[in-house]
Amino acid sequence: MTDNVINQVVIVGGGTAGWLTASILAKKFDSRQPGAIQVTLIESPDIPTIGVGEGTWPTMRKTLAKIGISETDFLLKCNASLKQGTKFVNWKSAPENGVDHAYYHLFTSMFDPEEFNLAPYWSLDLIGQGKTYAETVSVQGLVSDDGLSPKTILNKEFEGVLNYAYHLDAGLFAQLLTEHATKNLGVKHISANVEQVLTSAQGDITGVHTDRAGLIEGDFFVDCSGFKALLIDKTLNVPFNSVADTLLTDHALAIQVPYQDEQTNIASCTVSTAHEAGWTWDIGLSNRRGTGYVYSSAHVDHETAEKTLRNYIGTGAEQLDSKLIKMNVGYREKFWEKNCVAIGLSAAFVEPLEASAIFLIEASANMVSELFPRQKHLMSGVAQKFNDSMGFRWQKTVDFIKMHYFLSERQESFWRDNKELNTVPDSLLALLDRWRCQALTSYDFDNVFEPFPMESYQYVLHGMGFKQDLSVNKQAYANVMQAKQYQQQVQMVSQKILGQLPSNREILNKIKEFGLQSI
Ligand code: FAD
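I will try to describe carefully the structure that is included in this document. The residue numbers shown here count from 1 along each chain, following its written sequence. Under the rules for a predicted model, residues below a pLDDT of 70 receive no local features and side-chain atom pairs below 80 are neither given nor counted, while totals for whole chains, interfaces and linings still include all residues. Remark: hydrogens and water are excluded; side-chain values derive from all non-hydrogen atoms of the structure.

### Some points on the side chain of R505
- Secondary structure is summarised from DSSP: a helix means a run of H or I of at least four residues, a strand means a run of E of at least two, and numbering begins at the N terminus for each. Mapped onto the fold, R505 is located in helix α15 (residues 504–514).
- Throughout this description, buried means an accessible area under 20% of the type-specific maximum (1.4 Å probe, protein chains only), exposed means over 50%, and partly exposed covers the range between. In summary, the charge assignment counts Lys and Arg as positive and Asp and Glu as negative, without counting His or the chain termini. Think of a salt bridge as a Lys or Arg side-chain nitrogen and an Asp or Glu carboxyl oxygen that are within 4 Å of each other. Among buried Asp, Glu, Lys and Arg side chains, R505 stands out as unpaired, with D261 the closest opposite charge at 6.8 Å.
- A distance of 2.8 Å separates a polar side-chain atom of R505 from the backbone oxygen of T264.
- Residues adjacent in sequence count toward polar contacts only when both atoms are side-chain atoms; beyond that, a polar contact is any pair of N or O atoms within 3.5 Å, and within protein one must be able to donate a hydrogen and the other to accept it. Here the side chain of R505 touches S286 through a polar contact of 3.0 Å, landing on its backbone oxygen.
- We call two residues in contact when some of their heavy atoms are within 4.5 Å. With near-sequence residues (within four places) excluded, R505 lies in contact with Y259, E262, Q263, T264, N265, I266 and S286.

Here it is as structure tokens:
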């Protein structure tokens, strides 16, 4: 080995970001082998992890399979459940005469829009008359309405009848990853506080001084120290670009809610309900719900926000503890600087409306592992590529989240402020302007790393009642017979599978009893 080769990777921080990154890197490098890159993770025994972050994307199935965690183990050890998307309640408009408005952003649509795009036919009212967009293109909304599971006990690990992700307990997930990464993947775990970060004359990080494990040296460093951003911010001074002018929420209040009894059914989707100055999340785990209110303190005081959340939870809420989290939304000007990459909250944070953070942790760790510059002279080129790619992904994530607010017709001041044009990115306005009179096509999503695919935009746009008029180009959508046939297939599949799927609670009970067959 020469000085030009990277042998030691040091990760600072042991939350979801630190342990997922450690697992993905160690698996890729096969760190158990002599001569392979060694991964060391330093975690403070005193500073707790953020302890929230309970919703994932379907990509987590691939990640778990890749790092070698069994789905049965994961579901049982993390009190996890199966998630099929998000139900947005009262986002379009406030409840009228006690009646809620709701729509789904689902993980499954029945047809690949590349092959046949049903959305313009629905938009022109040529199919799905009287039905919502989601009902027209997917069975998953009905499955979720009935609290059913996306898989049966006959499906193997990570396979389903419908696409799915997970709801999980973040603390238990970090514990499972710790156990797996240290026992099976060769990650070295150090429990200590980083007190000082050392740099070379060129500005590279060379090591960290800790309170109880001395100096830990390395060739490459990953900053997973959460909001503290010890390396990327405090040492390398990479600026943080705030997006607070676009995403107006700045606090989250979280409360864990026990179930009435241990057989209470578990919701199949995250439920996101809009309120006067923000929105609540409601996530069903196997043993409790995780709830929280994400709000703008410029539009509501903390006491009123807490009342809103406790009213939402209902009976028994007064006895439950709450945790207030201040949110600084934005992302780094660069994620990779010198020999350090930031992953997780140290890199970026936007409000958790679309549960995008863990997905972007997986994406970052995968990209670092695939492009890892084992020879140091490759570093700056790889860093540039990583920074461009992650910058694009965060910018698109901000646009997509803002779109939910911008399309709302709610009239409270928070919602009106969200529609002020100077709060809306030009990139989003340009797309929406065009989509008012042109169908969405794959040309709008031509970057392979676009975080939200066309289907996601279609669910949200049409769920929010986006006013689209394609009539001037109606002749381009002449294949109405085929569109109707596709729609009938959705109805037929619905009838077939609704009777076959167990409830979300039943599938977890069965997995506990029998386990899932491995792939
Ligand atoms: P943390 O969990 O804060 O971990 C930081 C680590 O750094 C800890 O181990 C700490 O001990 C260590 N550390 C700090 N200082 C030192 C030191 N001096 N020495 C040694 N170690 C140190 N994401 C989703 O994908 N889905 C969601 O549904 C979702 N919901 C969210 C809801 C809220 C309200 C918030 C705020 C976030 C949410 N997120 C969600 C984001 C998600 O929680 C985080 O992206 C994820 O938990 C990763 O956090 P982290 O590991 O970067 O940081």
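Text resumes after the structure shown.
### A short note on the layout of surface pockets
- Of the voids in this model, the second largest pocket is the one considered here, and its volume is about 540 Å³.
- Along the wall of the second largest pocket there are 20 residues; nearest its centre are F359, A363, N366, R393 and F449.
- Taken together, the elements giving at least two residues each to the lining of the second largest pocket come down to α2 (59–67), α9 (357–371) and α10 (379–406).
- With seven residues, α9 is the largest single contributor of residues to the lining of the second largest pocket.
- Any residue outside Ala, Val, Leu, Ile, Met, Phe, Trp, Tyr, Cys, Pro, Asp, Glu, Lys and Arg is labelled polar, Gly included; the first ten of those are nonpolar and the last four are charged. Residues belonging to the lining of the second largest pocket are distributed by class as follows: eight nonpolar, four polar and eight charged. Put simply, the grid is 1 Å and covers the protein atoms alone, a cavity is a trapped set of points that fit a 1.4 Å probe, a pocket is an open set with protein on both sides within 12 Å along at least five of seven lines, and lining residues have an atom within 4 Å of a point. Grid points are joined across faces, edges and corners, and a volume is the space filled by probe spheres set on the points.

### Details of empty space enclosed by the protein
- Within the structure shown, the criterion is met by two cavities of 30 Å³ or more.
- Counted as a void, the largest cavity has a volume near 80 Å³.
- Elements supplying a minimum of two residues to the lining of the largest cavity: α5 (133–137) and α13 (454–463).
- By residue class, the composition of the lining of the largest cavity is seven nonpolar, three polar and one charged.
- Estimates place the volume of the second largest cavity at around 40 Å³.
- Surrounding the second largest cavity, A119, P120, A439, L440, Q458, H462, Q468 and L470 form its lining.
- In the lining of the second largest cavity, the residues fall into five nonpolar, three polar and no charged.

### Section: the packing of α10 against α13
- Lines fitted to the C-alpha atoms define the axes, with helices restricted to the stretch that makes contact. Angles between their N-to-C directions range from 0 to 180 degrees. At a minimum axis distance of 10 Å, the contact between α10 and α13 shows a crossing angle of 20 degrees. Judged by the inter-axis angle, α10 sits roughly parallel to α13. Crossing handedness for the pair α10 and α13: left-handed. Residue-level inspection shows K396, F400, M403 and H404 of α10 in contact with α13, the latter providing S456, Y457, V460 and L461. Here roughly perpendicular refers to angles of 65 to 115 degrees, roughly parallel to angles under 35, roughly antiparallel to angles over 145, and oblique to all remaining angles. Should the near helix be turned anticlockwise from the far one by less than a right angle, the crossing is left-handed, and should it be turned clockwise, the crossing is right-handed.

### Regarding the pattern of salt bridges
- Going through the model one piece at a time under the given rule, you end up with 19 salt bridges.
- R332 is paired through a salt bridge with D233; the nearest N and O atoms lie 3.0 Å apart. On the criterion of sequence distance, the pair formed by R332 in strand β18 (residues 330–332) and D233 in the loop between β11 (220–223) and β12 (240–242) is long-range, its members being 99 residues apart.
- The buried category is assigned to R332, whose relative accessible area is 5%.
- In this structure, the salt-bridge partner of E412 is R410, at a minimum N-O distance of 2.6 Å.
- The structure contains a network of salt bridges with shared partners spanning D46, D211 and R212.

### Observations concerning the packing of aromatic side chains
- Stacked, tilted and edge-to-face are the three classes assigned to paired rings of Phe, Tyr and Trp, where Trp is represented by its six-membered ring and a pair needs centres within 6.5 Å; plane angles under 30 degrees give stacked, over 60 edge-to-face, the rest tilted. Applying the stated criterion across every chain, the model contains 30 aromatic pairs.
- On the basis of an interplanar angle of 65 degrees and a centroid distance of 4.6 Å, the ring pair of F74 and Y166 is categorised as edge-to-face. A residue pair is termed long-range when its members are at least 10 positions apart, and F74 in helix α3 (residues 71–77) and Y166 in strand β6 (residues 165–167) qualify at 92 residues.
- When its relative accessible area of 0% is taken as the criterion, F74 is described as buried.
- Of the aromatic side chains, those joined through ring pairs into one cluster are W57, F359, F400, W435, F445, F452 and Y457.
- In this structure, K419 is placed above the aromatic ring of F406, and the distance from its NZ or CZ to the ring centre is 5.3 Å. Throughout this description, the term charge over a ring refers to an Arg CZ or Lys NZ atom that lies within 6 Å of the ring centre and within 35 degrees of the ring normal.

### Considerations on the site of the ligand
- Proximity is defined per residue: any heavy atom of the residue falling within 4 Å of a molecule or strand makes that residue near it. Inspection of the region around the ligand gives 32 residues, with G14, I47, G55, L345 and I358 positioned closest.
- One nitrogen or oxygen atom from the main chain of I47 is found 2.7 Å from an oxygen atom belonging to the ligand.
- Between the ligand and L345, the relevant distance is 2.9 Å, taken from an oxygen atom to a main-chain nitrogen or oxygen of the residue.
- When isolated, the ligand has an accessible area of 1,000 Å², and the protein chains bury 96% of it. In this description, accessible areas are obtained by the Shrake-Rupley approach with a 1.4 Å probe, and a residue is regarded as covered only by the protein chains that are shown.

### Topic: the sheet that holds strand β9 (residues 205–210)
- DSSP calls a pair of strands paired once it identifies at least 2 bridges connecting them. Judged by pairing direction, the sheet is antiparallel, and its three strands sit side by side in the order β8-β9-β10 without closing on themselves. If you trace the sheet from one side to the other, it starts and ends with β8 (194–199) and β10 (214–217), each paired once. Taken pair by pair, the neighbouring strands of this sheet meet at an average axis angle of 25 degrees, ignoring direction.
- Sheet topology note: the β9/β10 ladder contains four bridges and is antiparallel. Within β10, the residue paired with H209 across the bridge is L215.

### Focus: the sheet that holds strand β13 (residues 251–258)
- Sheet architecture is open: seven strands sit in the order β5-β4-β14-β15-β16-β13-β17, paired in mixed fashion. Every other strand in the sheet has two partners, leaving β5 (102–106) and β17 (322–326) as the edge strands with one partner each. Each strand axis lies, on average, 20 degrees off the axis of its neighbour in the sheet, ignoring direction.

### What to know about the environment of L501
- With respect to the element layout, L501 can be found in the loop between α14 (480–498) and α15.
- With 407 residues separating them in the primary sequence, L501 and A94 have C-alpha atoms 33 Å apart.
- For L501, the residues in contact, after removing those within four places along its chain, are V143, L148, S149, P150, K151, T152 and V161.

Any link to function would need more than the numbers given here.
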